[in-house]
Amino acid sequence: MVEEGSTLLRRMEISVAEAEKRTGKNTVNMQEIFTVYLIETRPIDAITEGHNPAPDSLWRRYSEFEILRNYLLVTYPFIVVPPLPEKRAEFVWHKLSADNMDPDFVERRRVGLENFLLRVASHSVLSNDKILYHFLTEMKLYSDELQSLTSQLLRVRARVADRLYGVYKVHGNYGRVFSEWSALEKEMGDGLQSAGHHMDAYAASVDDMLEEEEHYADQLKEYLFYAEALRAVCRKHELTQYELETASSDLISKKQQREELATGMVRTFSFKGMTNKLFGQETPEQREAKLSLLEEQIVQGEETVTEKTVECEEYVKGAWVDMQRFKEQKDRDLREALIGYAVMQISMCKKGIQVWTNAKDCFHKM
């Protein structure tokens, strides 16, 4: 993080480098098309020192920018929080496309999102917020990466354990050969038999070694399973965000219906417009009843959007706090486990050296 009194923009180069259209299934397993924006950050210190490190980068959706801004609004009610660019094309000149996926509109929104981040990062208070920092630097797919890397480590550890087991068993063969050979030799017999005993004892210790190996493997597996718990937290966030977006879209649709009903102008093709042309306009009483119903639905919709917004903000804030707690726990546990594993490997190597040192002494006595 940055020092107290310093803005984040003095320490970090921030840009929204590009936008990309993607297709995928949302939380309720429905296919959707959406746009993501690539945030790139790079420490200013490295640049001023003449280095040119590759930027850290991650993709964010527009809805995630909305969550960040809503969080800032609630957390800092005394601050004029910079606005976001429009989510949907409004006040559009008739020759310009109102399509949210139009490349020109997406590019304008990319520039607007970058401007939003730069203004927030240059604010003396907002720029020191921890959640803002995590928004810029945290890997969204952290749980997948944690699972992937832990799985790789466990696979490597299993291969190492298999090879060590083979090495130990080979020493058992040494013990058998030396013991059988000692029966043929009179002068060298005692030395060979003693060396064989050392080899047999070393080979027999493989079971204790493997048991200790499994202990460290279980510690790694715990964090392999933690990755699924992290994904569950992410899925809950996605579901909450989906419910908010659905409620917002429904509210916008209801307001448009109210405007069309009040003015008698239909902006887009609709079944209602077709039926009006075929069967005539509605009576004033019918229109008034529909307007009244729409007003009630809009009030309910606004309450739902407010509730979902607060729910989203509180969830994100709580999740970030617990994510930090989890990372501290993970770092501590895995550091201890890996140090213990390294000590175990060193101990095994020393035991192997001692076995062969003892065997050498036995051979000297022959």
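Residues numbered from 1 in each chain as written. Predicted model: local features only at pLDDT ≥ 70, side-chain atom pairs only at ≥ 80, totals over all residues. Heavy atoms only, no water.

Here we come to the packing of helix 2 (residues 62–75) against helix 9 (residues 284–364). A pair of packed helices is characterised by two quantities: the angle between their axes and the separation of those axes. Axis separation between helix 2 and helix 9 bottoms out at 9 Å; the angle between their running directions is 90°. It follows from the interaxial angle that helix 2 and helix 9 lie roughly perpendicular. Residues Ile67, Asn70, Tyr71, Val74 and Thr75 of helix 2 touch helix 9, and the partners they reach there are Thr309, Cys312, Glu313, Val316 and Lys317. Grouping the amino acids of the contact of helix 2 with helix 9 by side-chain chemistry returns five nonpolar, three polar and two charged. (Axes fitted to C-alpha atoms, helices over the stretch in contact; angles between N-to-C directions. Helix = DSSP H or I, 4+ residues; strand = E, 2+ residues; numbered from the N terminus. Parallel < 35°, antiparallel > 145°, perpendicular 65-115°, else oblique. Contact = heavy atoms within 4.5 Å. Nonpolar A, V, L, I, M, F, W, Y, C, P; charged D, E, K, R; others polar.)

Right, let's talk about the side chain of Thr309 for a bit. Mapped onto the fold, Thr309 is located in helix 9. Owing to a relative accessible area of 17%, Thr309 belongs among the buried residues under this scheme. In this structure, Thr309 is in contact with Asn70 and Leu244, ignoring residues within four places of it in sequence. (Buried < 20%, exposed > 50% of the residue type's maximum accessible area, 1.4 Å probe, protein only.)

For the rest of this paragraph, the subject is a negative patch on the surface. The grouping of Asp207, Asp208, Glu211 and Glu212 at the surface amounts to a negative patch. Among the structural elements, Asp207 can be located in helix 7 (residues 206–263). Take Asp207: its relative accessible area is 51%, and that puts it in the exposed class. (Patch = residues over 30% accessible without salt bridge, like charges linked within 9 Å, V, L, I, M, F, W, Y side chains within 5 Å. Areas by Shrake-Rupley, 256 points an atom, 1.4 Å probe, with all protein chains shown as cover. Salt bridge = Lys/Arg side-chain N within 4 Å of Asp/Glu carboxyl O. Lys, Arg positive; Asp, Glu negative; His and termini not counted. Charge placed at Lys NZ, Arg CZ, Asp CG, Glu CD.)

Let us now look at the packing of helix 2 against helix 3 (residues 103–121). Helix 3 packs onto helix 2 with a crossing angle of 30° between their chain directions and a minimal axis gap of 12 Å. Here helix 2 lies roughly parallel to helix 3, going by the angle between them. The hand of the helix 2/helix 3 crossing is left-handed. Listed contacts from helix 3 to Tyr62, Phe65, Leu68, Arg69 and Leu72 of helix 2 are Arg109, Leu113, Phe116, Leu117 and Val120. The residue inventory of the contact of helix 2 with helix 3, partitioned by class, reads eight nonpolar, no polar and two charged. (Left-handed = near helix turned anticlockwise from the far one by under 90°.)

Attention now moves to the nonpolar core. In terms of nonpolar packing, the biggest core is built from 46 residues, with Phe65, Leu68, Leu72, Leu117 and Leu136 touching the most fellow members. Those elements that provide at least two residues to this core are strand 1 (12–25), strand 2 (31–43), helix 2, helix 3, helix 4 (130–137), helix 5 (142–182), helix 7 and helix 9. Among residues more than four places away in sequence, those in contact with Leu117 are Ile14, Val16, Ile39, Phe65, Leu68, Phe135 and Leu136. Formed by 16 residues, the second largest nonpolar core is a distinct cluster that contains Tyr168, Phe178, Ala195 and Tyr202. (Core = buried A, V, L, I, M, F, W, Y, C linked by side-chain atoms within 4.5 Å.)

In total, this model carries nine aromatic pairs according to the counting rule given. With a centroid separation of 6.1 Å and 15° between ring planes, the pair formed by Tyr174 and Phe178 is classed as stacked. Within this pair, Tyr174 and its partner Phe178 are both found in helix 5, separated by four residues, close to a single helical turn. Under the relative-accessibility criterion, Tyr174 is labelled partly exposed at 35%. We classify Phe178 as buried; its relative accessible area is 10%. Ring geometry for Phe178 against Phe363: centres 5.7 Å apart, planes inclined by 75°, an arrangement best described as edge-to-face. Here Phe363 lies in helix 9 and Phe178 lies in helix 5, a separation of 185 residues in the sequence. (Phe/Tyr/Trp six-rings, centres within 6.5 Å; stacked < 30°, edge-to-face > 60°.)

Taken as a whole and assessed by the stated rule, the structure comprises 15 salt bridges. A salt bridge links Glu13 to Arg42; the shortest N-O distance between them is 3.1 Å. Of this pair, Glu13 sits in strand 1 while Arg42 is found in strand 2, placing the two residues 29 residues apart along the sequence. Glu13 sits in the partly exposed class, given a relative accessible area of 35%. Lys308 is the salt-bridge partner of Glu243, the closest N and O atoms lying 2.9 Å from each other. Residue Glu243 is found in helix 7, and its partner Lys308 is found in helix 9; the two are separated by 65 residues along the sequence. With a relative accessible area of 29%, Glu243 lands in the partly exposed category. One connected set of salt bridges, linked through shared partners, spans Glu107, Arg110 and Glu114.

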